Amino acid sequence: MDVILTLIFSIILFNYAHEFGHFIVARLTAMPIPAMYVGVGPALARKTTKSGTQMVFGLIPVASMQADGRVFREFPAFRRLLVASAGPMANFLFTFVLLAVSYIGFNAPSTAVVSAVDVDGRAYEAGMRDGDQLVAVDGSATETWSDAGLRLLDRVGDTGTLELAVQRGEERLEYGFEISRWQSDVAQVDVFGDLGIGPDTSSDARASLFGGLFGAVRDTVRMFWSTTVSGFKMLFGSMSVLNFGGAMQLTQLGLDAGSLDAGDYLKLFALFSLCFGLINLLPGPIVDGLAMIVAAVEWVAGRPLPSVVDKLMQIVGYVLAFGPIPLCIIHELIRVNS
């Protein structure tokens, strides 16, 4: 329940960050903005700024920047690209800032030391024990539980051998686990739970300033990639769509839903902000992706797109934005009834 409430609050918060990202860059590029809704629904107050923008304060906490579509299309392509991309970029910036504050102010990412190995689990049967440090997944080094979670998520839906390497004192041990469409038949992915291992979260050490900033940049990029890959897995049926906003997010960060502290919630906010930005990169008409693509193409071409090409891109944008929805539903129905 706490995670769901965090998600709802995140949607409201990062909607504001997103829309004000658009608004600030629009003003910096001298693009006229007729209205900026700080809230929608019944208007509680209105104020007109010196630049002519009407600020509307509505009852429902949803932000929305109102731009004149015709004026927007007449603006130089590079400026349109900046304005269109400012919203998602604001969300990605928030991801970095929140991770940095969590790492520096609360606790650095936990070292991938294994704890609470389930005696009935696959890892225990293979030979893993409490205190082992998970140092590699499929040959890729893992220093933290976030590293391990992201590497393991990359294998969800795969068939073959999952290779784990652990350090036990001076000895390096390697284990192989046979997987077949791994975790594709479950409603909520839990890669650690399936193996029967848990993270040791007893450390509360804080990261240094440089370490925290570097870690925040690294993990923002890694989560961007992992979330994108997971989205395609949901699209093609190798991962349940129910994972969006659920246990998968906890797994990515190596967090235990039963013991979240303030730093952990900041990490969750960071991931939800990243998801919000990713959604708005879709090439659809109601998000930013299509406007970004059109502006980028026109900027490179040095001239506006022919009207027939513009209309074709609008149609393709609708298909790419809304087409995956029924496909995901079909895959989910097949998964549930198989």
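Throughout what follows, the structure given in this document is the object of discussion. (Residues numbered from 1 in each chain as written. Predicted model: local features only at pLDDT ≥ 70, side-chain atom pairs only at ≥ 80, totals over all residues. Heavy atoms only, no water.)

Now for the overall build of the protein chain. If you tally the helices and strands in the protein chain, you get twelve helices and ten strands. When burial is assessed residue by residue, the protein chain has 46% of its 338 residues classed as buried. Restricting to contacts in the protein chain with at least 6 residues of sequence separation, those with at least 24 account for 68%. Per element, the accessible surface of the protein chain, about 16,800 Å² overall, is 65% carbon and sulfur. (Helix = DSSP H or I, 4+ residues; strand = E, 2+ residues; numbered from the N terminus. Buried < 20%, exposed > 50% of the residue type's maximum accessible area, 1.4 Å probe, protein only. Contact = heavy atoms within 4.5 Å. Areas by Shrake-Rupley, 256 points an atom, 1.4 Å probe, with all protein chains shown as cover.)

Time to look at the pairing of strand E8 (residues 160–168). Where strand E6 (residues 133–137) and E8 come together, four bridges link them in antiparallel fashion. Bridging from a neighbouring strand, Leu134 pairs with Val166 of E8. Sheet topology places E8 next to strand E9 (residues 171–179); nine bridges connect them, and they run antiparallel. Of the residues in E9, the one forming a bridge with Ala165 is Glu174. (Pairing = 2+ DSSP bridges.)

On to the packing of helix H3 (residues 77–105) against helix H9 (residues 262–279). Their axes nearest at 8 Å, the elements H3 and H9 cross at an angle of 165 degrees. In terms of orientation, H3 lies roughly antiparallel with respect to H9. For the crossing formed where H3 meets H9, the hand is left-handed. Taking contact as the criterion, the partners of Pro88, Asn91, Phe92, Phe94, Thr95, Leu98, Leu99, Val101, Ser102 and Tyr103 in H3 are, on H9, Gly263, Leu266, Lys267, Phe269, Ala270, Ser273, Leu274, Phe276, Gly277 and Leu278. Across the contact of H3 with H9, the residue classes tally to 13 nonpolar, six polar and one charged. (Axes fitted to C-alpha atoms, helices over the stretch in contact; angles between N-to-C directions. Parallel < 35°, antiparallel > 145°, perpendicular 65-115°, else oblique. Left-handed = near helix turned anticlockwise from the far one by under 90°. Nonpolar A, V, L, I, M, F, W, Y, C, P; charged D, E, K, R; others polar.)

The next thing to look at is the packing of aromatic side chains. Tallied over the entire structure, the rule returns seven aromatic pairs. Measuring from ring centre to ring centre gives 5.5 Å for Phe92 and Phe224, while their planes differ by 80 degrees; the resulting arrangement is edge-to-face. You can see Phe92 sitting in helix H3 and its partner Phe224 sitting in helix H7 (residues 209–235), a full 132 residues away along the chain. Taking the relative accessible area as the measure of exposure, Phe92 reaches 13% and is therefore buried. (Phe/Tyr/Trp six-rings, centres within 6.5 Å; stacked < 30°, edge-to-face > 60°.)

This part covers the sheet that holds strand E1 (residues 35–37). Read across the sheet, four strands follow the order E2-E3-E1-E4 without closing on themselves; strand pairing throughout is mixed. At either margin of the open sheet sits one strand with a lone partner, and together these are strand E2 (40–48) and strand E4 (64–66). Shown here is a sheet whose adjacent strand axes are inclined to one another by a mean of 20 degrees, direction ignored.

Time to look at helix H10 (residues 289–301). For H10, with 13 residues, the first-to-last C-alpha span of 18 Å sits near the 18 Å given by 1.5 Å per residue. The set of residues buried in H10 consists of Gly289, Leu290, Met292, Val294, Ala295 and Glu298. Gly302, located one to two residues past H10, shows a positive phi value of around 80 degrees. (Expected span 1.5 Å × (residues − 1).)

Glancing now at the nonpolar core. Membership of the largest hydrophobic core comes to 27 residues, with the highest contact counts inside it found for Met128, Leu152, Leu162, Leu164, Val191, Leu195 and Ile197. Of all the secondary-structure elements, those providing two or more residues to this core are E6, helix H5 (145–153), E8, E9 and helix H6 (191–195). Setting aside residues up to four positions removed in sequence, Ile197 forms contacts with Val114, Ser115, Ala116, Val117, Ala123, Met128, Trp145 and Phe192. (Core = buried A, V, L, I, M, F, W, Y, C linked by side-chain atoms within 4.5 Å.)

So, on to the sheet that holds E9. The sheet built from four strands is open, its strands ordered E7-E6-E8-E9 with antiparallel pairing. In the strand order of this sheet, the two ends are held by strand E7 (140–141) and E9, each with one partner. Seen against the sheet, H5 touches E6, E7 and E8 and runs at an angle of roughly 35 degrees to E6.

Let us now look at the packing of H5 against H7. One way to put it is that H5 packs onto H7 with a least axis distance of 10 Å and a crossing angle of 25 degrees. In this view, H5 runs roughly parallel relative to H7, as classed from their interaxial angle. For the pair H5 and H7, the crossing hand works out as left-handed. Counting all contacts with H5, which are made through Ser146, Asp147, Leu150 and Leu153, the residues of H7 involved are Asp219, Arg222, Met223, Ser226 and Lys233.

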